[in-house]
Amino acid sequence: MAKRAIKAVTATLPVKLDLGCGVRKQPGFTGVDVLKLEGVDLVHDLTKPWPWKDESVDEVNCSHFLEHLHPKERIHFANELYRVLRKGAKATIVTPYMGHDAAYGDPTHVWPPISGWTYLYWNKEWRKKEAPHSDSEHVPGMLACDFDYTIGGSWDAWLQTRNMEYRIFAMQHYLNGQRDVIATLTKR
């Protein structure tokens, strides 16, 4: 009986990264952090060039990391995120809301805090009209990314049972109303 060659079939799994995951890596994601902590799969400094190929990543989660970067490092992060994501891929970024003590309490957070406005700058069409000084087309080393985005948030416990009108009022007028800004970015 002749032996037949068996051709190996390999399935390509989606590449899902949890960037700056610390000890709270999301299930099903590859955890990336500058420190080798429990749950970290890849130790890498995200302020340096990223090791993933262009358009090779299917999904990104990044929770409570971006606020630790200096402004130029945030630009690098946005550009690298855009480079590695596949077209249409999504990234979820969670940061403390700028009107919450969590934005200021951690001494490793960098000024300015992240706000919903941050992600306007990550959209090329908006940048072209409103902030050309922040676009790499006009200033080398600036933003080259282009994301569509939605902005949401999470609330402190004392607002959980209140109606949305009150929550929005509290977010705009009180400290410690909205806890986090949750941005969902889609690569254009």
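This text follows the structure it describes.
Described in the following lines is the structure provided in the data block. (Residues numbered from 1 in each chain as written. Predicted model: local features only at pLDDT ≥ 70, side-chain atom pairs only at ≥ 80, totals over all residues. Heavy atoms only, no water.)

### Concerning the pattern of salt bridges
When the charged atoms of two side chains with opposite charge come close together, those side chains can pair.
Next, step 1: Applying the stated criterion across every chain yields a total of 14 salt bridges.
Next, step 2: For Glu 59, the salt bridge identified is with Lys 16, shortest N-O distance 3.9 Å. Placement of Glu 59 in strand β4 (residues 57–63) and of Lys 16 in strand β1 (residues 16–19) is noted, with a sequence separation of 43 residues between them.
Next, step 3: Given a relative accessible area of 24%, Lys 16 falls into the partly exposed group.
Next, step 4: For Lys 187, the salt bridge identified is with Glu 55, shortest N-O distance 3.3 Å. Of this pair, Lys 187 sits in strand β7 (residues 178–187) while Glu 55 is found in the loop between β3 (42–43) and β4, placing the two residues 132 residues apart along the sequence.
Next, step 5: The exposure class assigned to Glu 55 is partly exposed, which follows from its relative accessible area of 42%. (Salt bridge = Lys/Arg side-chain N within 4 Å of Asp/Glu carboxyl O. Helix = DSSP H or I, 4+ residues; strand = E, 2+ residues; numbered from the N terminus. Buried < 20%, exposed > 50% of the residue type's maximum accessible area, 1.4 Å probe, protein only.)

### Observations concerning the environment of Arg 179
Next, step 1: Relative to the helices and strands, Arg 179 resides in strand β7.
Next, step 2: Judged by its relative accessible area of 29%, Arg 179 is partly exposed.
Next, step 3: Separated by 24 residues in the primary sequence, Arg 179 and Trp 155 place their C-alpha atoms 5.0 Å from one another.
Next, step 4: When neighbours within four sequence positions are excluded, Arg 179 is seen to be in contact with His 64, Thr 95, Pro 96, Tyr 97, His 100, Ala 102, Ser 154, Trp 155 and Asp 156.
Next, step 5: Within the local environment of Arg 179, its side chain forms a polar contact with the side chain of Asp 180, the two groups lying 3.0 Å apart. (Contact = heavy atoms within 4.5 Å. Polar contact = N/O pair within 3.5 Å; in protein donor to acceptor, adjacent residues only side chain to side chain.)

### Concerning helix α1 (residues 71–84)
Next, step 1: With 14 residues, α1 should cover 20 Å at 1.5 Å per step; its first-to-last C-alpha distance of 20 Å lies within 8% of that length.
Next, step 2: Looking at the buried positions of α1, the neighbouring elements they touch are β1, β4, β5 (85–96), β6 (147–155) and β7. (Expected span 1.5 Å × (residues − 1).)

### Observations concerning the sheet that holds strand β2 (residues 30–33)
Strand pairing in a sheet relies on backbone hydrogen bonds, with the paired strands running either antiparallel or parallel.
Next, step 1: As summarised here, the arrangement of the seven strands in space is β3-β2-β1-β4-β5-β7-β6, forming an open sheet in which the pairing is mixed. At either margin of the open sheet sits one strand with a lone partner, and together these are β3 and β6.
Next, step 2: The pairing of β1 with β2 spans three bridges and is classified as parallel. When the bridges of β2 are listed, Leu 19 appears paired with Val 32.
Next, step 3: Packed onto the sheet, α1 meets β1, β4, β5, β6 and β7 and runs at close to 145 degrees relative to β5. (Pairing = 2+ DSSP bridges. Axes fitted to C-alpha atoms, helices over the stretch in contact; angles between N-to-C directions.)

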